Amino acid sequence: IDSLLFSYSSLLTDCTGYSILSSLQDLPSPPWPALRSKMEKHLQVIAVLQWVISFLAMGISCTVLLIYMFCTDLWVIAAMYTTWLIFDWNTPKQGGRRSSWVRNWTVWTYFRDYFPIRLIKTHNLPPSRNYIFGYHPHGIFSFGAFCNFGTEATGFSKKFPGIKPSLATLAGNFRMPVLRDYLMSGGICPVNRNSIDYLLSQNGTGNAVVIVVGGAAESLDCAPGMNSVTLNNRKGFVRLALQQGSDLVPVYSFGENNVYKQVIFEEGTWCRLAQKRLQKILGFAPCLFHGCGLFSDSWGMVPYNKPITTIVGEPITVPKVEEPTRDMVELYHAMYIKSLRSLFDKYKTRFGLKESDILHIQ
């Protein structure tokens, strides 16, 4: 039997001068890895696009749908939802309705990997304190702020155990049906005094309110290669930190301005004046921007997949002063600016900038 097995194996390895094993190795590899990679890329695009469309259109669409339902046989459902909406109206101002399940959705990992987005911790944040994170720059949609602080895709809770982030955005978004619940599920809150006061004074410790300090005005100046933040006259968050005794933490996202291209009008032109006028009326800036198309290299709403790296800086210890003086606000505002500049200068060369690049603060 052994001799027969030996003869059979010799036949297999000697057939036509090539071994069968070698022939198998020469066969083309199956296309599954390439297909998987392509499928993941499509899922990443869908994940990002659903957030862009949700943020831009969900509120308006659901409002129109709710009004339309009152004119149909579904008016009872519309009436029940409206009743609940009135009853639940103040929830966004009282800590919201955070959902760990929503914050850990798999869709956010695809969202993260599209750019990709990273969160870098530089210092420990004791959960015995409350914090105000100043996020810079605004960009068009603040993708870095949402991914890092509105989801768990970059592992915020693991990197900062005991700290609960609440990203603050336009209060008008919380007047829109369905959109308000979608935002609250991610721990997002209105950027108004009542909401932030509640989180920092009536919700225990370990809270971090994330404020995009430059706001809508800053979004008008964001474009690839721009390192500019609107901060010189933004001192309300510093006063609030003093009144609540919450530490200030500078946060800078390298690459936030690179994901869309924007037409920037010069100061004094009628287009710029119109943008600022609409900003005051609407609460957000009507930017003329574009990304790439969904299926080609044409223009579209899909952002360019440029890396975004968010650096959480060193906390500035702030005392609690119920009635801070103007000089005290100026002092801590200057300390914050100095800390932000230091954070930018320390990490800029690691993320694609030159040593000669500076942070413009206006």
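Bear in mind that the values here come from a model prediction, so they are computed numbers and not experimental data.

A.B. asks: When you look at the packing of helix 12 (residues 236-244) against helix 14 (residues 326-347) in this model, what are you seeing that I'm missing?
C.D. replies: Any two packed helices are characterised by how steeply their axes cross, that is the angle between the axes, and by the distance between the axes. In the contact formed by helix 12 and helix 14, the axes pass within 9 Å of each other and the chain directions differ by 110°. Taken together, the axis directions place helix 12 and helix 14 in an arrangement best described as roughly perpendicular. Crossing geometry of helix 12 relative to helix 14 is assigned as right-handed. For the pair formed by helix 12 and helix 14, the contact residues are Phe237, Val238, Arg239 and Leu242 on the first element and Met328, Val329, Tyr332, His333 and Tyr336 on the second. Tallied by class, residues from the contact of helix 12 with helix 14 come to 7 nonpolar, 1 polar and 1 charged.

A.B. asks: Is there a simple way to think about the environment of Pro116 in this case?
C.D. replies: Within the secondary structure, Pro116 sits in the loop between helix 6 (107-114) and strand 1 (117-121). Separated by 64 residues in sequence, Pro116 and Val52 have C-alpha atoms that sit 16 Å apart. Apart from the residues lying within four places of it in its own chain, the contact partners of Pro116 are Lys306, Pro307 and Ile308.

A.B. asks: Please clarify how helix 10 (residues 193-201) should be interpreted in this entry.
C.D. replies: Along an α-helix, residues three or four positions apart point the same way, because every turn accommodates 3.6 residues. Buried within helix 10 are the following residues: Ser195, Ile196, Asp197, Leu199 and Leu200. The secondary structure elements touched by the buried residues of helix 10 are strand 2 (131-136), strand 3 (164-169), strand 4 (189-190), strand 5 (207-212) and helix 12.

A.B. asks: When you look at the sheet that holds strand 8 (residues 261-262) in this model, what are you seeing that I'm missing?
C.D. replies: Working definition: the strands of a sheet are paired by backbone hydrogen bonds and lie parallel or antiparallel to each other. Taking strand neighbours across the sheet as the criterion, the 3 strands line up as 8-9-10 in an open arrangement whose pairing is antiparallel. With one partner strand each, in any of the chains shown, strand 8 and strand 10 (299-300) form the two edges of the open sheet. Relative to strand 10, strand 9 (residues 289-292) runs antiparallel, the two sharing 2 bridges. Bridge assignment links Gly291 to a residue of strand 10, and that residue is Gly300.

A.B. asks: Whenever I open this one, the sheet that holds strand 4 confuses me. Can you help?
C.D. replies: The strand order across the open sheet formed by 7 strands is 1-11-7-2-5-3-4, and the pairing between neighbours is mixed. Of all strands in the sheet, those bounded by a partner on one side alone are strand 1 and strand 4. Here strand 2 pairs with strand 5 via 5 bridges, running parallel. By the bridge assignment for strand 5, Tyr131 is matched with Ala208. Sitting on the sheet, helix 10 is in contact with strand 2, strand 3, strand 4 and strand 5, with an inclination near 155° to strand 5.

So, how was this worked out
- Residue indices follow the written sequence of each chain, beginning from 1 at its first position.
- Owing to the predicted nature of the model, reporting of local features is limited to residues with pLDDT of at least 70; listing and counting of side-chain atom pairs is limited to 80 or more, with chain, interface and lining totals taken over all residues.
- As a convention, hydrogens and water are excluded, and side-chain values are obtained from all of the structure's heavy atoms.
- Axis lines are fitted to C-alpha atoms, over the contacting stretch for helices. Their N-to-C directions set the angle, which ranges from 0 to 180 degrees.
- In this description a helix means any DSSP run of H or I spanning at least four residues, a strand means any run of E spanning at least two, and both kinds are numbered starting from the N terminus.
- By definition in this entry, angles of less than 35 degrees are roughly parallel, angles greater than 145 are roughly antiparallel, angles of 65 to 115 are roughly perpendicular, and the rest are oblique.
- It is the rotation of the near helix from the far one that decides the hand of a crossing: anticlockwise by less than a right angle makes it left-handed, clockwise makes it right-handed.
- We call two residues in contact when some of their heavy atoms are within 4.5 Å.
- For this classification, the nonpolar set comprises Ala, Val, Leu, Ile, Met, Phe, Trp, Tyr, Cys and Pro, the charged set comprises Asp, Glu, Lys and Arg, and every other residue, Gly included, is treated as polar.
- For every residue, the accessible area obtained with a 1.4 Å probe (protein chains only) is divided by the maximum for its type, and the residue is called buried under 20%, exposed over 50%, and partly exposed between those limits.
- Think of it this way: DSSP has to see at least two bridges between two strands before they count as a pair.

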